[in-house]
2 protein chains.
Amino acid sequence: MFTLWIPPSHPRRESLLIRERLVEGFKRGLVVPEGLIAHGRGECFDYLIGESTQPFAHRAIEAAIAALLLAKHPVISVNGNTAALVPGEIVELAREVNAKIEVNLFYRTREREEAIAKWLREHGALEVLGVGEDASATIPELFSERRRVSPRGILIADVVLVPLEDGDRTEALRKMGKTVIAIDLNPLSRTARAANITIVDNVVRALPLMVERTREMKKASKSDLEHILRSYDNNKVLQEALRHILSRLSELSQTKLTLL
Amino acid sequence: MFTLWIPPSHPRRESLLIRERLVEGFKRGLVVPEGLIAHGRGECFDYLIGESTQPFAHRAIEAAIAALLLAKHPVISVNGNTAALVPGEIVELAREVNAKIEVNLFYRTREREEAIAKWLREHGALEVLGVGEDASATIPELFSERRRVSPRGILIADVVLVPLEDGDRTEALRKMGKTVIAIDLNPLSRTARAANITIVDNVVRALPLMVERTREMKKASKSDLEHILRSYDNNKVLQEALRHILSRLSELSQTKLTLL
């Protein structure tokens, strides 16, 4: 294995650089092979979206920040891919909204929990929940290692941000009465459809934006934040995301596709 | 890492089994981490297509076989993912159309070249080009290890079948005057758009079909094959693939998207 040199002119340079960051995370033991495949699926939807943050994502980000700022016990749930791609931004956002950070893995092993916690601490995290004995509470309706959460984190959280989560767990968190904010490039995934607020965007773009917007929105009054949250409609946002993809494909299908 | 048990009733069982085959290939040293990501991307497009071979793919397969049967020096270019997914079918198709098999990697290392060649020989290949010293010729306009090809294979080929190829290399082969047949699930990829004939389908379905159709089409006359090839329109095929995806997404966008 070697590191690839990507010409500055390459049309998909940004996407290839993100891919390399994930492969780095894989070599470091943060990411599992299944996480690499899941990333590829995300790449496909990012490609369909146009690899830029769209208005529907900006609206969802605003509602997400309102929910996080209004929360009593906000928690950011971190898996291997998220840790590999945006470790610094996770730590910054947690600090801005005063949220706990909790490691939450689909394929949970002690080594990986610890590798991820160490990686987050290297990026400035003071506390990382959900590692080893700390993940002693369980979520109902989930099997095996996937049900384990921290009694100081997700168990008592009222708002949970789950970048790159799976559908089963999103639904289980909803059934526990929590407000779930998902970041998912696929507007048709079960995660996207089961969350209260779905940011249809790449975590690599969404997280830095969230940090920036939080700094602005912290100045808003509680009632302004409540108004943003009340007037937010996730079904509408998901439909807009899908319509955006449709209109892009529709435009392209009219043009000449062959290149040579 | 652990092997997953997939219930027979699982809605995405077939796709998960293919994924496991790829992860096996990864453990065997045929596939690189980047190949897993690329596979995930393909999975997503396969999902959009409906995970079945569509009429536009059947038409492209027919033209592809005509081109291969009419070729003087047909070559099948094999990368890690292709070798992991359809090794036996590659060997069978090469035998049916009398094509050379050449290993052609984006991330080229001697160990991987040899692991892939060994794997193909275990599946019946008598000769595998593009390994070690044999990859001594170069393709113009490409950088580093990616430019290396066999002087007995791709260098002198008139028709090259490239399942799962990247855009740069597809364009470089076209500029060398070769007829390029791509198999690519993304009808908008540069590979799909730069190839002469693009089979928008999963290699796992397309390769066995190609072997079967070749056995029938071998009985056709040279002028019949020439007619098939002349009347084939790749732009039309790509547009149909895109329209098919579009109508599937469009159906989905009419329904209520939020689940809870």
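See the structure printed just above.
Residues numbered from 1 in each chain as written. Chains lettered and ligands numbered in written order. Predicted model: local features only at pLDDT ≥ 70, side-chain atom pairs only at ≥ 80, totals over all residues. Heavy atoms only, no water.

(A) Expanded view of the interface of chain A and chain B. Across the boundary between the two partners, chain A contributes 49 residues, which contact 49 residues of chain B. Interface area, chain A with chain B, both sides summed: about 5,000 Å², of which 73% is carbon and sulfur. On the surface where chain A and chain B come into contact, there are two salt bridges. Measuring nitrogen to oxygen at the nearest pair gives 3.0 Å for the salt bridge that ties Glu43 of chain A to Arg41 of chain B. Summed over the shared surface of chain A and chain B, the result is 13 residue pairs in polar contact (both at pLDDT 80 or more). For the side of chain A that touches chain B, the elements supplying multiple residues, two or more each, are α1 (13–27), α2 (33–49), α7 (167–175), α8 (190–194) and α11 (234–254) of chain A. Residue classes in the side of chain A that touches chain B are distributed as 26 nonpolar, twelve polar and eleven charged. (Contact = heavy atoms within 4.5 Å. Buried area = accessible area lost by both parts, 1.4 Å probe. Salt bridge = Lys/Arg side-chain N within 4 Å of Asp/Glu carboxyl O. Polar contact = N/O pair within 3.5 Å; in protein donor to acceptor, adjacent residues only side chain to side chain. Helix = DSSP H or I, 4+ residues; strand = E, 2+ residues; numbered from the N terminus. Nonpolar A, V, L, I, M, F, W, Y, C, P; charged D, E, K, R; others polar.)

(B) Spatial organisation of the relation of the copies chain A and chain B. In screw terms, the move from chain A to chain B is a rotation of 174° and a rise of 0.2 Å along the axis, fitting with an RMSD of 0.6 Å. When the interface residues of chain A are mapped onto chain B, 84% of them are again interface residues, pointing to one common binding face. (Least-squares fit on C-alpha atoms with pLDDT ≥ 70 in both.)

(C) Representation of the sheet that holds strand β7 (residues 197–199) of chain B. All names here are of chain B. Strands sit in the order β2-β1-β5-β6-β7 across an open sheet of five strands; the sheet is parallel. Looking at the sheet topology across the chains shown, the edges are occupied by β2 (100–103) and β7. Taking each pair of neighbouring strands and ignoring which way they run, the sheet shows an average axis angle of 20°. Note that strand β1 (residues 74–78) and strand β5 (residues 159–163) share three bridges and pair parallel. Within β5, the residue paired with Ile76 across the bridge is Leu161. Seen against the sheet, helix α9 (residues 203–217) touches β5, β6 (179–183) and β7 and runs at an angle of roughly 125° to β6. (Pairing = 2+ DSSP bridges. Axes fitted to C-alpha atoms, helices over the stretch in contact; angles between N-to-C directions.)

(D) Quick look at the nonpolar core. In this structure, Ile199 of chain A together with Ile199 of chain B are the most contacted members of the largest nonpolar core, which totals 147 residues. Among all residues touching Ile199 of chain A, those that are not within four sequence positions of it are Ala57, Ala60, Ile61, Ala64, Ile181, Ala182, Ile183, Asp184, Ala206 and Met210 of chain A. (Core = buried A, V, L, I, M, F, W, Y, C linked by side-chain atoms within 4.5 Å. Buried < 20%, exposed > 50% of the residue type's maximum accessible area, 1.4 Å probe, protein only.)

(E) Main features of the packing of helix α3 (residues 55–70) of chain B against helix α11 (residues 234–253) of chain B. Residues and elements named next belong to chain B. Between α3 and α11, the least distance of the axes is 9 Å, while the angle of their chain directions is 155°. Classified by the angle their axes make, α3 and α11 are roughly antiparallel. As α3 runs across α11, the sense of the crossing is left-handed. Side by side, α3 and α11 meet where Phe56, Arg59 and Ala60 of the first sit next to Val237, Glu240, Ala241 and His244 of the second. In terms of residue class, the contact of α3 with α11 is made up of four nonpolar, one polar and two charged. (Parallel < 35°, antiparallel > 145°, perpendicular 65-115°, else oblique. Left-handed = near helix turned anticlockwise from the far one by under 90°.)

(F) Quick look at the environment of Thr138 of chain A. Residue and element names in this part refer to chain A. One can find Thr138 in strand β3 (residues 137–138). Residue class for Thr138 comes out partly exposed when judged on its relative accessible area of 41%. Linking Thr138 and Val23, residues 115 residues apart in sequence, is a C-alpha distance of 31 Å. Dropping the residues within four chain positions of it, Thr138 is found in contact with Arg147, Val149 and Leu155.

(G) Local environment of the side chain of Thr214 of chain B. Residue and element names in this part refer to chain B. Position of Thr214 relative to the elements: it lies in helix α9. Owing to a relative accessible area of 0%, Thr214 belongs among the buried residues under this scheme. What Thr214 contacts, discounting residues up to four positions off in sequence, is Ile65, Leu69, Leu93, Glu96 and Val97.

(H) Inspection of the sheet that holds strand β7 (residues 197–199) of chain A at higher detail. All names here are of chain A. Within the open sheet, the five strands sit side by side as β2-β1-β5-β6-β7. Their pairing is parallel. In the strand order of this sheet, the two ends are held by β2 (100–103) and β7, each with one partner. Across the sheet, the axes of successive neighbouring strands diverge by a mean angle of 20°, strand direction being ignored. With respect to the sheet, helix α3 (residues 55–70) is in contact with β1 (74–78), β5 (159–163), β6 (179–183) and β7, its orientation differing from that of β7 by roughly 130°.

(I) Here's a closer look at the pattern of salt bridges. If you walk through the whole model with that rule in mind, you get 46 salt bridges over all chains. Between Glu96 of chain A and Arg215 of chain A there is a salt bridge; the shortest N-O distance is 2.9 Å. With Glu96 of chain A in helix α5 (residues 87–97) and Arg215 of chain A in helix α9 (residues 203–217), the pair connects residues that are 119 residues apart, well separated along the chain. Taking relative accessible area as the criterion, Arg215 of chain A reaches 41% and is therefore assigned partly exposed. One salt bridge connects Arg169 of chain B with Glu165 of chain B, and the closest N-O pair in it is separated by 3.0 Å. Residue Glu165 of chain B is classed as buried on the basis of its relative accessible area of 10%. Taken together, the salt bridges that share partners define one network made up of Glu92, Glu96, Arg215 and Lys218 of chain A.

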